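Here is what each chain is made of, one letter per residue.
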Amino acid sequence: MLVDMYSSNLTINTLLEEALNEPDIGTTSRFRWHATAIGIAALWTETNTPSTPPFEDALQEGLTVGLDLSREEREFHQVEQGLVLLFHS
């Protein structure tokens, strides 16, 4: 089971890394927003990575680029480009 979860996480990270290389759909003060095959990704753009995933900040900033993510499932991933908050149904 642990191997399956690890393999699944690697696949998600690979998909996220590929999507983050594509043009973004918007930027806010602390995030760069991307539409991905698995959901909306918010890449943290500040230098200092927070100790806990800043989901509430992302929800507020998402509204400024027309994204209401309040009902979406949330998870976070650390990829080569940095901290990614992922919102999906």
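Because the structure is predicted, anything quoted here is derived from the model rather than measured. (Residues numbered from 1 in each chain as written. Predicted model: local features only at pLDDT ≥ 70, side-chain atom pairs only at ≥ 80, totals over all residues. Heavy atoms only, no water.)

Visitor: Honestly, the nonpolar core in this entry has me stumped. Any pointers?
Guide: Generally speaking, nonpolar side chains in soluble globular proteins are found buried as a group. Within the largest apolar cluster, 13 residues are counted, with the highest numbers of intra-cluster contacts made by Phe 31, Trp 33, Ala 42, Ala 58, Leu 69, Leu 85 and Phe 87. Setting aside chain neighbours within four positions, we find Phe 31 in contact with Ala 42, Leu 43, Trp 44, Thr 45, Pro 54, Asp 57, Ala 58, Glu 61 and Leu 85. Formed by seven residues, the second largest nonpolar core is a distinct cluster that contains Leu 16, Ala 41, Val 79 and Leu 86. (Core = buried A, V, L, I, M, F, W, Y, C linked by side-chain atoms within 4.5 Å. Buried < 20%, exposed > 50% of the residue type's maximum accessible area, 1.4 Å probe, protein only. Contact = heavy atoms within 4.5 Å.)

Visitor: How should I be thinking about the packing of aromatic side chains in this particular structure?
Guide: Two descriptors summarise a pair of aromatic rings, namely the distance from one centre to the other and the angle between the planes of the rings. In this structure the tally under the stated criterion is three aromatic pairs. Ring centres of Phe 31 and Trp 44 lie 5.3 Å apart, and the angle between their planes is 75 degrees; on these two criteria the pair is classed as edge-to-face. Residue Phe 31 is located in strand E2 (residues 31-36), and its partner Trp 44 is located in strand E3 (residues 39-44); the two are separated by 13 residues in the primary sequence. For the pair shown, Phe 31 and Trp 44 are each scored as buried. In this structure an aromatic cluster arises from ring pairing among Phe 31, Trp 33 and Trp 44. (Phe/Tyr/Trp six-rings, centres within 6.5 Å; stacked < 30°, edge-to-face > 60°. Helix = DSSP H or I, 4+ residues; strand = E, 2+ residues; numbered from the N terminus.)

Visitor: Can you help me understand helix H2 (residues 55-64) in this one?
Guide: Since the α-helix packs 3.6 residues into each turn, any two residues three or four apart lie on the same face. Along H2, the positions that sit buried rather than exposed are Phe 55, Ala 58, Leu 59, Glu 61 and Gly 62. The positive-phi residue at the C-terminal boundary of H2 is Gly 66, with phi of around 80 degrees.

Visitor: Is there a simple way to think about the pairing of E2 in this case?
Guide: On a regular strand, one side chain projects to one face of the sheet and the next to the other, so that they alternate. The pairing of strand E1 (residues 26-27) with E2 spans two bridges and is antiparallel. Each bridged residue has a counterpart across the sheet, and for Gly 26 the counterpart in E2 is Trp 33. If you look at the hairpin formed by E1 and E2, you'll find three residues sitting between the two strands. Pairing analysis gives six bridges linking E2 to E3, with the strands arranged antiparallel. Residue pairing for E3: Phe 31 is matched across the bridge by Trp 44. Here E2 hands over to E3 after two residues, the two strands then running antiparallel side by side. (Pairing = 2+ DSSP bridges.)

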